[in-house]
Amino acid sequence: MYQNEVAISQGIRIRRKPPSTAPLGYSGPFELRLHTADSSPTNILEEITWFKAQEVSRMKELNPLEALKKAVENAPPTRDFVGALRMAHQRTGFPALIAEVKKASPSRGIFKENFDPVEIAQAYERGGAACLSVLTDQKFFKGGFENLEAIRSAGVKCPLLCKEFVVDAWQIYYARTKGADAVLLIAAILTDLEITYMLQLCKKLGLAALVEVHDEREMGRVLGIEGIELVGINNRSLETFIVDISNTKKLLEGEHGRQIREKDMIVVGESGLFTPDDIAYVQAAGVKAVLVGESIVKQSDPEKGIAGLFGRDISHA
Ligand SMILES: O=P(O)(O)OC[C@@H](O)[C@@H](O)c1c[nH]c2ccccc12
């Protein structure tokens, strides 16, 4: 079955970028060729995904996979992303914090003009973050792989999640060479087979994988895939940007919540978390970690922003 047909059968609404021309040797109806040639994305996530496919094919020319595989052989060992979350959760009794180094987003614009990723990362670490999430997408989030590299080489000890829209296994190798300890796999984009394969690749490269869901169907799919340790529930729809933290509660009730507890998986509550009540709410829903960007990155002192978010000092000291 073609990629999109498999995706549709799994309820994935995001189409992968159609070939810019009809498949080689294709001789079907002309209007079908026209449709594939100039169909445009129907929402922001599809736009990002299509752009990413083109961006990755350009990056591959400059960084061939064979060269990346060689670079991975000499890369420093990864840090234990999942272990850091478990330790922080046990240490503080709060959900472990994955603090996000994010300059901007398509839905909220620029969070911080004078944005120094290393300074922000160091403030997060002082404030008690267990891990960091670093946006590496430049076009839509004003991030970059240079931020990931700079934070790692500045000596920040927190394990780093490369926050990227992965559509190709090449990106996982690339993230590993740029200092990532974990990568994000988005169920709204990737089929079950892709997630399964990319999970195996992450394990091979010593990377953790945060598999992100937004709705019941994606949660059901992900719970059927062997080897997933970390599930992120995004309270924000990446198709509409509507944020509702009750999404975390909804997806952890009933059979899905039971399966997650049985498998001792770590659930990360993502997006739209601003106050101690929000943290308490998702903690009561069953998350053991939270992924937070806007409410702390926009603070003049992100370290204090973390204490404000939790209503107390959760620093390591
Ligand atoms: O800034 P917020 O509302 O605290 O959200 C952080 C993080 O959850 C969000 O940036 C995010 C979660 N999943 C993503 C996937 C792609 C881009 C961004 C994201």
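Residues numbered from 1 in each chain as written. Predicted model: local features only at pLDDT ≥ 70, side-chain atom pairs only at ≥ 80, totals over all residues. Heavy atoms only, no water.

Enquirer: Teacher, can you tell me more about the sheet that holds strand β1 (residues 96-101) here?
Expert: Strand pairing in a sheet takes place through backbone hydrogen bonds and is either antiparallel or parallel in direction. Spatially, β1-β4-β5-β6-β7-β8-β9-β10 is the arrangement adopted by the eight strands of the closed barrel, whose pairing is parallel. In this sheet, adjacent strand axes meet at a mean angle of 25 degrees when their direction is disregarded. Sheet topology note: the strand β6 (residues 182-186)/strand β7 (residues 208-213) ladder contains five bridges and is parallel. Opposite I186, over in β7, you have E212 as the bridge partner. Packing against the sheet, helix α10 (residues 216-223) makes contact with β7 and β8 (230-234), and its axis sits at approximately 145 degrees to β7. (Pairing = 2+ DSSP bridges. Helix = DSSP H or I, 4+ residues; strand = E, 2+ residues; numbered from the N terminus. Axes fitted to C-alpha atoms, helices over the stretch in contact; angles between N-to-C directions. Contact = heavy atoms within 4.5 Å.)

Enquirer: Explain unusual backbone geometry to me, please; I cannot follow it from the model alone.
Expert: For residues that are not glycine, phi is negative in most cases, and the peptide bond is trans in most cases. Within the chain, F241 stands out as a residue other than glycine whose phi angle is a positive 65 degrees. Structurally, F241 can be placed in the loop between β8 and α11 (246-252). You can call F241 partly exposed: its relative accessible area is 21%. For D264, which is not a glycine, the phi torsion comes out positive at approximately 55 degrees. In this fold, D264 is placed in the loop between α12 (254-262) and β9 (266-270). (Buried < 20%, exposed > 50% of the residue type's maximum accessible area, 1.4 Å probe, protein only.)

Enquirer: Please clarify how the side chain of D181 should be interpreted in this entry.
Expert: For D181, the location among the structural elements is in the loop between α8 (169-177) and β6. By relative accessible area, D181 is classed as buried at 1%. A distance of 2.7 Å separates a polar atom in the side chain of D181 from the backbone nitrogen of R79. Separated by 3.2 Å, the side chains of D181 and R152 make a polar contact. The residues touching D181, leaving out its near neighbours within four places in the chain, are T78, R79, F81, R152, C158, P159, L160, G206, L207 and A208. (Polar contact = N/O pair within 3.5 Å; in protein donor to acceptor, adjacent residues only side chain to side chain.)

Enquirer: Would you explain the site of the ligand in this entry?
Expert: Lining the immediate surroundings of the ligand are 17 residues, of which E100, K102, E212, S271 and G293 lie closest. Contacts to the ligand include K102, whose side-chain N or O atom sits 2.7 Å from an oxygen atom. With respect to the ligand, the backbone of G293 contributes an N or O atom lying 2.8 Å from an oxygen atom. Expressed as a share of its isolated accessible area of 440 Å², the protein-covered part of the ligand is 98%. Taken together, the residues of the shell around the ligand sort by class into six nonpolar, four polar and seven charged. (Near = heavy atom within 4 Å. Areas by Shrake-Rupley, 256 points an atom, 1.4 Å probe, with all protein chains shown as cover. Nonpolar A, V, L, I, M, F, W, Y, C, P; charged D, E, K, R; others polar.)

Enquirer: It is not clear to me how the side chain of R176 should be interpreted in this structure. Could you clarify?
Expert: Considering the arrangement of structural elements, one finds R176 in helix α8. As a buried residue without a salt bridge, R176 has its nearest oppositely charged side chain in D181, at a separation of 6.3 Å. The contact partners of R176, leaving out residues within four places of it in the chain, are V72, A75, P76, P77, T78, L205 and L207. (Lys, Arg positive; Asp, Glu negative; His and termini not counted. Salt bridge = Lys/Arg side-chain N within 4 Å of Asp/Glu carboxyl O.)

Enquirer: Is there a simple way to think about the pairing of strand β4 (residues 131-135) in this case?
Expert: Look at any regular strand and the pattern is simple: side chains alternate between the two faces of the sheet. A large share of β4 lies buried, amounting to five of its five residues. Burial along β4 is two-sided: C131, S133 and L135 and L132 and V134, pointing in opposite directions, are all buried. Sheet topology places β1 next to β4; four bridges connect them, and they run parallel. Considered in β4, the bridge of V101 is made with V134. As paired elements, β4 and strand β5 (residues 160-163) share four bridges and run parallel to each other. Bridge pairing in β5 places S133 opposite L161. With helix α7 (residues 145-153) bridging β4 and the parallel β5, this β-α-β connection has right-handed handedness. (Right-handed = clockwise from strand over helix to strand, strands pointing away.)

Enquirer: Even after reading the chapter, I still don't get the pairing of β6, so can you show me in this structure?
Expert: In terms of burial, β6 is largely enclosed, as five of its five residues are buried. Strand direction decides the pairing type here: β5 and β6, joined by two bridges, are parallel. Among the inter-strand pairings, C162 is bridged to a residue of β6, identified as V183. After leaving β5, the chain enters α8 and then returns to the sheet as β6, a path that is right-handed.

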